[in-house]
Amino acid sequence: MSYKRFYWALFPLLFVAIGVLLSASPALASPLVDCNVPGDYATIGDALADPACDVINVASDIYPENLEIDRDVTIAGAGAAATIIDGGGLGRVILITDTATVTITDVTITNGLIVTGAKPWGGGIYNYDGDLVVMDSIIFSNTAYSSGGMFNEEMGDATLINVDVLSNTSAYVGGGLVNGGTMYMQGGSVLGNVAERNGGGIQNEGDMDIVGVTVGMKRARGSAGIANVDGTLRIMAATIGQN
């Protein structure tokens, strides 16, 4: 057989191989859809209600909202000093109810209030079983029966990068935040929070890493800045005291 006839004989096999590779490869990911508040939607809640909105860009303003998130989404503010999500004392500010992947950046979360009900935890954020990332944000002046600023449930996974948890209040434990699941916190601070019992700043009941965070508390009847209760806690390059 000549070389030319040999190469022509290989062509059908080549096309079959290409077809197999194409059928086995995953479909190309669809581009993310950005939605703007205001602009495309009047409120963050309206944008969340549209499952087509993958990234919700929130302009500078104060948004009186109590949000429930049950899907994958990114909420991106214009800076923590500029984009403020205000619970208005009408309930917690953000509730993540499902196994969603949620990213929140460049916002302030404030004025959440939840002290009664089945789970009155996490006045600012309650992460039930989501995969949550919060970056470059402030969790400020929220109130709950437990975990005034944020509660990360046993099935939740939370990462906080450059987040300041400030001046939150708990009637029980964890003035700033309570972790019952898995949490990694790097940078930022936990300051000026109040708990009537343990963990004026943080109460850890799960698996937690604290790296380069300044932790203090304004008041706690029991343990001060951090209380580790039956959890695994790793601290590196952090400053811990009372403020």
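Here the structure is shown first, and the text comes after it.
Figured I'd write up the structure that's included with this text. (Residues numbered from 1 in each chain as written. Predicted model: local features only at pLDDT ≥ 70, side-chain atom pairs only at ≥ 80, totals over all residues. Heavy atoms only, no water.)

With 3 bridges joining them, strand β2 (residues 55-58) and strand β5 (residues 73-76) adopt parallel strand pairing. Each residue of the ladder has a partner; that of Ile56, found in β5, is Ile75. (Pairing = 2+ DSSP bridges. Helix = DSSP H or I, 4+ residues; strand = E, 2+ residues; numbered from the N terminus.)

One open sheet accounts for 7 strands, arranged β4-β7-β11-β14-β17-β20-β24; its pairing is parallel. With partners counted over all chains shown, the strands left at the sheet margins are β4 (67-69) and β24 (226-228), one partner each. Each strand of the sheet is rotated relative to its neighbour by a mean of 10°, with strand direction disregarded. The pairing of strand β17 (residues 177-179) with strand β20 (residues 202-204) spans 3 bridges and is classified as parallel. Residue pairing in the sheet places Leu177 in a bridge with Ile202 of β20. (Axes fitted to C-alpha atoms, helices over the stretch in contact; angles between N-to-C directions.)

For the rest of this paragraph, the subject is the side chain of Thr103. Summarising the element assignment, Thr103 is placed in strand β8 (residues 101-105). On the basis of relative accessible area, Thr103 is assigned to the buried category, the value being 19%. Beyond its immediate chain neighbours, meaning those up to four positions away, Thr103 contacts Val73, Thr74, Ile75, Val133 and Met135. (Buried < 20%, exposed > 50% of the residue type's maximum accessible area, 1.4 Å probe, protein only. Contact = heavy atoms within 4.5 Å.)

Looking now at the packing of aromatic side chains. Throughout the structure, instances matching the rule amount to 5 aromatic pairs. Judged by centre distance (5.6 Å) and plane angle (65°), the ring pair of Tyr126 and Phe151 falls under edge-to-face. Pair noted here: Tyr126 is in strand β11 (residues 125-127) and Phe151 is in strand β14 (residues 150-152), with a separation of 25 residues, a long-range link. With relative accessibility at 7%, the residue Phe151 sits in the buried group. Relative to Tyr172, the ring of Tyr145 has its centre 5.5 Å away and its plane inclined at 10°; by these criteria the two rings are stacked. Note that Tyr145 is positioned in the loop between β13 (143-144) and β14 and Tyr172 in the loop between β16 (169-170) and β17, a separation of 27 residues in sequence. Under the relative-accessibility criterion, Tyr145 is labelled partly exposed at 36%. Taking relative accessible area as the criterion, Tyr172 reaches 31% and is therefore assigned partly exposed. Through successive ring pairs, a cluster of aromatic residues spans Trp121, Tyr126, Tyr128 and Phe151. (Phe/Tyr/Trp six-rings, centres within 6.5 Å; stacked < 30°, edge-to-face > 60°.)

The residue after Val37, namely Pro38, is reached through a cis peptide bond having omega -10°. Relative to the helices and strands, Pro38 resides in the loop between β1 (34-37) and α2 (44-48). Unusually for a residue other than glycine, Ala237 sits at a positive phi of about 55°. By secondary structure assignment, the location of Ala237 is in the loop between β25 (232-236) and β26 (239-240).

For the rest of this paragraph, the subject is the pattern of salt bridges. If you walk through the whole model with that rule in mind, you get 3 salt bridges. For Glu153, the salt bridge identified is with Lys119, shortest N-O distance 3.6 Å. Placement of Glu153 in the loop between β14 and β15 (157-166) and of Lys119 in the loop between β10 (113-114) and β11 is noted, with a sequence separation of 34 residues between them. Overall, the relative accessible area of 11% leaves Glu153 in the buried class. You can call Lys119 partly exposed: its relative accessible area is 35%. Ionic pairing is found between Arg234 and Asp209, a salt bridge with its closest N-O pair at 2.7 Å. Highlighted residues: Arg234 in strand β25 and Asp209 in strand β21 (residues 207-211), separated in sequence by 25 residues. Among the charged side chains, a salt-bridge network with shared partners connects Asp207, Asp209 and Arg234. (Salt bridge = Lys/Arg side-chain N within 4 Å of Asp/Glu carboxyl O.)

Inspection of the secondary structure assignment puts Thr83 in strand β6 (residues 83-86). Relative accessible area serves as the criterion here: at 0%, Thr83 is assigned to the buried category. A distance of 3.3 Å separates a polar side-chain atom of Thr83 from the backbone oxygen of Val58. (Polar contact = N/O pair within 3.5 Å; in protein donor to acceptor, adjacent residues only side chain to side chain.)

Once that is clear, we can look at the state of the cysteines. This model, assessed by the stated rule, comprises 1 disulfide. Covalently, Cys35 is tied to Cys53 through a disulfide, its sulfur atoms 2.1 Å apart. Residues Cys35 and Cys53 are joined through a disulfide that is left-handed, its torsion about the S-S bond being -90°. Of the two residues, Cys35 is situated in strand β1 and Cys53 in the loop between α2 and β2; the sequence distance between them amounts to 18 residues. On the accessibility criterion, Cys35 (5% relative accessible area) is buried. Accessibility expressed as a relative area gives 0% for Cys53, which makes it buried. (Disulfide = S-S within 2.5 Å.)

Geometric values such as these leave the question of function open.
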